[in-house]
Amino acid sequence: MEHRYAIIGAGPSGLSAARALQKAGIAFDAYEASKSVGGLWDIENPRSTMYESAHLISSRTTTEFKEFPMNSTADYPSHRTLVQYFRDFANHFNLTEHFRFETKVTAVEREDDGRWMLRADTPDGAIAERYTGVILANGTLAEPHVPAFKGDFSGEIMHTSAYKSAKQLAGKRVLIIGAGNSGCDIAVDGVHHAASVEMSVRRGYYFVPRYLFGKPADTLNQGKPLPARIKQFVDKRVLRAFTGDPVNFGFPKPDYKIYESHPIVNTLILNHLGQGDLQIRADIDRFDGSTVHFRDGSSGEYDLILLATGYTLDYPFVAREALNWTGWSPKLFLNVFPPSFNGLYVMGMIEASGIGWQGRYEQAELIAEYLRACEDAPERAEHFRARVTTEPWPDLTGGYKYLGLERMSFYVNKDAYRGAVRSAVSALRGPDVHGTRTPLVKVQPKRVKA
Ligand SMILES: Cc1cc2nc3c(=O)[nH]c(=O)nc-3n(C[C@H](O)[C@H](O)[C@H](O)COP(=O)(O)OP(=O)(O)OC[C@H]3O[C@@H](n4cnc5c(N)ncnc54)[C@H](O)[C@@H]3O)c2cc1C
């Protein structure tokens with residue numbers, strides 16, 4: 001029986017998977033609902049959550065694929081440069097020809113023989129193909145997370161996923177709910193176009209400047225990672241020295257330590273607060289017509305509410321049991337393998353500060369290594385599976401106590417994660433020349449219920 005795999009999605013993760021499988025000589029077909037590669041970086045992709053003013057948040061050199069440096073000197077290129085980068089990447093490695101574009105996968109179902117039936121809609125009608133396994137790389141930032149609020153708002157309510165350009169804010173009294181990276185970018189857009197911009201926040205945030213000591217902030221301290229507690233101690237003080245205390249700009253004091261939630265890489269927001277262009281409001285209590293009441297007893301009048309409330313994981317074409325969903329997210333070994341090893345593999349289900357596309361590519365290498373072992377050294381693949389189901393899973397937190405929020409449920413520390421992926425790859429490659437096996441868990445073990 002010929003082994004053939006399917007990849008769903010042509011974003012950075014799907015392209016990583018295609019490249020890693022190609023390098024490993026594994027046969028695959030790939031499916032993309034949109035017209036081209038680039039994933040959410042292609043603003044023309046109907047599922048894209050990109051907006052006109054968006055730039056890379058992590059810096060170019062820490063984000064790009066190692067084997068394909070970006071043809072740009074900008075430290076934080078715009079989404080236009082990035083979509084071109086992915087097109088160049090796909091063309092350079094002849095990956096584009098493996099993709100069926102305008103083909104939306106609608107179902108991935110397990111057959112009695114353990115293979116997977118993939119069904120998709122194409123412009124010419126529905127298709128169905130059988131595969132040994134399927135790699136899901138359909139993105140994690142597309143399905144809006146919309147919280148429920150008390151009362152009714154009579155103005156317009158929009159999620160950031162529908163925000164494309166500052167023109168949508170022109171002349172309006174805007175309230176942005178949430179101050180994540182997108183919320184802060186949009187607030188900065190808004191001060192130049194809206195009648196007024198205010199932000200309602202539930203908790204405090206840590207703001208990292210794009211540049212520290214004249215260099216992209218995330219390029220510093222790239223060597224051996226500092227222990228969590230030391231890094232938190234040092235970086236908190238460095239940030240205080242560079243950006244000041246966000247509390248002085250109107251934000252609540254964070255009720256968690258730095259890096260226990262995703263940091264905000266945006267100091268323009270603080271500039272605009274300092275200039276009086278923006279105002280921070282408390283958490284929402286209720287809506288009443290055009291009035292929003294806040295938890296601190298204050299209220300304001302608005303035309304547009306922009307929900308910067310994040311995204312929810314969504315794999316709508318596959319049964320939840322097949323992905324071992326546990327609470328907010330699938331519980332997968334290294335965020336990739338369902339513990340049943342049923343032939344599904346998840347790419348890109350990692351949130352992390354600084355993991356970049358190279359980190360996603362390393363996930364793809366791990367999948368390719370496992371698939372190669374299944375064919376060339378089945379006893380090694382079997383041994384790997386046995387260890388995953390019987391041994392403790394690696395701790396991917398890097399020693400940070402992440403906030404117990406939906407968006408943090410699949411958050412990892414980039415150094416811990418990449419180290420664990422490397423260990424798993426070595427374990428799959430088998431014993432070295434001295435006959436010693438790489439342990440599956442190198443970092444501090446922590447028992448995680450599968
Ligand atoms: C404003 C913004 C800024 C960001 N900045 C950074 C940054 O600086 N650094 C960083 O590392 N990350 C950043 N990200 C995160 C971003 O998610 C990743 O960079 C990257 O795009 C994830 O790639 P992906 O391939 O997993 O998902 P996506 O890019 O979302 O691609 C998924 C693809 O799957 C396709 N698809 C979905 N469902 C189906 C289906 N049923 N059938 C067929 N195709 C389907 C979609 O059309 C899409 O093309 C940012 C995100 C946003 C929104």
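Thresholds applied
- Residues numbered from 1 in each chain as written.
- Predicted model: local features only at pLDDT ≥ 70, side-chain atom pairs only at ≥ 80, totals over all residues.
- Pairing = 2+ DSSP bridges.
- Helix = DSSP H or I, 4+ residues; strand = E, 2+ residues; numbered from the N terminus.
- Axes fitted to C-alpha atoms, helices over the stretch in contact; angles between N-to-C directions.
- Near = placed C-beta within 6 Å.
- Nonpolar A, V, L, I, M, F, W, Y, C, P; charged D, E, K, R; others polar.
- Parallel < 35°, antiparallel > 145°, perpendicular 65-115°, else oblique.
- Contact = placed C-beta atoms within 7 Å.
- Buried ≥ 20, exposed ≤ 12 C-beta atoms within 10 Å, placed from the backbone.
- Domains from an automatic or database assignment.
- Left-handed = near helix turned anticlockwise from the far one by under 90°.

Moving on to the sheet that holds strand S17 (residues 299–301). Strand pairing in a sheet relies on backbone hydrogen bonds, with the paired strands running either antiparallel or parallel. Taken together, the four strands give an open sheet; going across it, the order is S8-S15-S16-S17, and neighbouring strands pair in mixed fashion. The two strands at the open ends of the sheet, each matched to only one other strand, are strand S8 (151–153) and S17. Averaged over all pairs of adjacent strands, the angle between their axes in this sheet comes to 35°, without regard to strand direction. Pairing of strand S15 (residues 284–289) with strand S16 (residues 291–294), which is carried by four bridges, proceeds in the antiparallel orientation. From the neighbouring strand, Phe 287 faces S16, where its bridge partner is Val 292.

With that out of the way, let us pick up the site of the ligand. Taken together, 34 residues lie around the ligand, and Gly 9, Gly 11, Gly 39, Gly 139 and Gly 348 are the ones closest in. Mapped onto the shell around the ligand, the elements with two or more residues apiece are helix H1 (12–24) and strand S4 (104–110). Per-element tally for the shell around the ligand: the top contributor is H1, with three residues. Its residues placed into classes, the shell around the ligand shows 16 nonpolar, 15 polar and three charged.

For the rest of this paragraph, the subject is the packing of helix H7 (residues 356–376) against helix H8 (residues 378–390). Put simply, H7 and H8 touch, their axes get as near as 5 Å, and they point 130° apart. Accordingly, the angle class assigned to the pair H7 and H8 is oblique. Contacts between H7 and H8 involve Tyr 370, Ala 373 and Cys 374 from the first element and Pro 378, Arg 380, Ala 381 and Phe 384 from the second. In terms of residue class, the contact of H7 with H8 is built from six nonpolar, no polar and one charged.

As a further point, take the environment of Arg 110. Relative to the helices and strands, Arg 110 resides in strand S4. By the C-beta count within 10 Å, which is 16 here, Arg 110 ends up partly exposed. Taking the C-alpha atoms as reference, Arg 110 lies 54 Å from Phe 249; in sequence the two are 139 residues apart. When sequence neighbours within four positions are dropped, the list of residues in contact with Arg 110 reads Trp 116, Ala 322 and Asn 342.

Examined at the domain level, the chain breaks down into domain 1 (4–142 + 312–428) and domain 2 (151–307). For domain 1 versus domain 2, the separation of C-alpha centres amounts to 29 Å. Taken together, the contact pairs 23 residues of domain 1 with 23 residues of domain 2. Grouping the constituent residues of the side of domain 1 that touches domain 2 by class yields eight nonpolar, ten polar and five charged.

The next point concerns the pairing of strand S6 (residues 125–131). Bridging between strand S5 (residues 116–122) and S6 involves seven bridges; their strand directions are antiparallel. By the bridge assignment for S6, Arg 119 is matched with Ala 128. Between S5 and S6, which pair antiparallel and follow one another directly, the connecting turn spans two residues.

One way to put it is that helix H4 (residues 181–191) packs onto helix H6 (residues 268–275) with a least axis distance of 9 Å and a crossing angle of 40°. By the angle between their directions, the pair H4 and H6 is classed as oblique. Pair H4 / H6 crosses with left-handed handedness. Residues Cys 184, Ala 187, Val 188 and Val 191 of H4 touch H6, and the partners they reach there are Leu 268, Ile 269 and His 272. Looking at side-chain class alone, the contact of H4 with H6 contains six nonpolar, one polar and no charged residues.

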